[in-house]
Amino acid sequence: MKFSLLLAVTVILGLCAQARANDSSAELAAGGLVLTKNDAIELRSEDLYLSAEAVRVIYRFVNTAPQDVAVTVAFPMPDISIENPFSDNLSIPTDSETNFLGFRTLVDGQPVTAQLEQKVIKHGQDQTALLRGLGIPLAPHLPATAQALDRLPPAAQDQLLRLGLAVNDDYDAGKGMEHHLAAAWTLKSTYYWTQTFPAGREITVEHSYQPAVGVSVGTLWGTREWP
């Protein structure tokens, strides 16, 4: 099987849907491996392990050219999209701002240091530079992001509200009304690196990460834990 632009490989962890109600969390779906076009690189096999705790994919590639070939390899992560912070509940397995699914890559059993590209998108516009300039973490779901938004001066808060990057989140926690902001944007993340495929030799590329399978808030009624 020859490569074109995109490997016909997709790991489906669940539908990228909005949360159906306030007692459930949306799942995140991860895509497949992407290589720049090179007819010399063949995919010989793909082995997938999938569970609620871990996803592992092992690819076996062969370079059929008489010389080594170096190509850019990328792995897009699922988008984290919060348009309405009051209903878009996400279940994400780590608190990391950058590696939120615990993504890891091995080539022939050796760890690869992949670079990470992240972009903040709102209404089709790239607003990454604006948030970085304001010192705002790019992951919209983290408490640290909400705290950073609250620390902004009023003029910067008003700018983000006008752009739709934030919404007012005012509430009374028992001491009177408090003014807060909540993030409302989409974070796109892609890991990438340059991979050399040795001439005439097979190599393995293994990805592993924790799936965001979603959760549902239930009750103890009728369970063994109910007294």
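Analysis parameters
- Residues numbered from 1 in each chain as written.
- Predicted model: local features only at pLDDT ≥ 70, side-chain atom pairs only at ≥ 80, totals over all residues.
- Heavy atoms only, no water.
- Helix = DSSP H or I, 4+ residues; strand = E, 2+ residues; numbered from the N terminus.
- Buried < 20%, exposed > 50% of the residue type's maximum accessible area, 1.4 Å probe, protein only.
- Pairing = 2+ DSSP bridges.
- Polar contact = N/O pair within 3.5 Å; in protein donor to acceptor, adjacent residues only side chain to side chain.
- Contact = heavy atoms within 4.5 Å.

(A) Layout of the environment of Q125. The residue Q125 is located in strand β9 (residues 125–126) in this model. Since its relative accessible area comes to 48%, Q125 is described here as partly exposed. Each C-alpha atom of the pair Q125 and L163 lies 10.0 Å from the other, and the pair is 38 residues apart in sequence.

(B) Quick look at the pairing of strand β6 (residues 104–107). In the sheet, β6 pairs with strand β15 (residues 202–209) via four bridges, with the strands oriented antiparallel. Within the sheet, the bridge partner assigned to T105 lies in β15 and is H207. Here two bridges tie β6 to strand β7 (residues 110–111), and the two strands are oriented antiparallel to one another. Looking at the pairing, V107 lines up with Q110 of β7. The hairpin turn running from β6 into β7, its antiparallel successor, is two residues long, and D108 in that turn takes a positive phi close to 50°.

(C) Molecular detail of the sheet that holds strand β2 (residues 41–50). Here we have five strands laid out as an open sheet, ordered β2-β3-β15-β6-β7, and antiparallel in their pairing. Both outer strands of the open sheet, β2 and β7, are each paired with one neighbouring strand and no more. Across eight bridges, the pairing between strand β3 (residues 55–63) and β15 is antiparallel. Each residue of the ladder has a partner; that of I58, found in β15, is E206.

(D) Geometry of the side chain of Q195. With respect to the element layout, Q195 can be found in strand β14 (residues 186–197). Judged by its relative accessible area of 9%, Q195 falls in the buried class. Within the structure, the side chain of Q195 is placed 3.1 Å from the side chain of W193, a separation counted as a polar contact. Beyond its immediate stretch of four places on either side in the chain, Q195 contacts V69, A70, V71, V73, V107 and I203.

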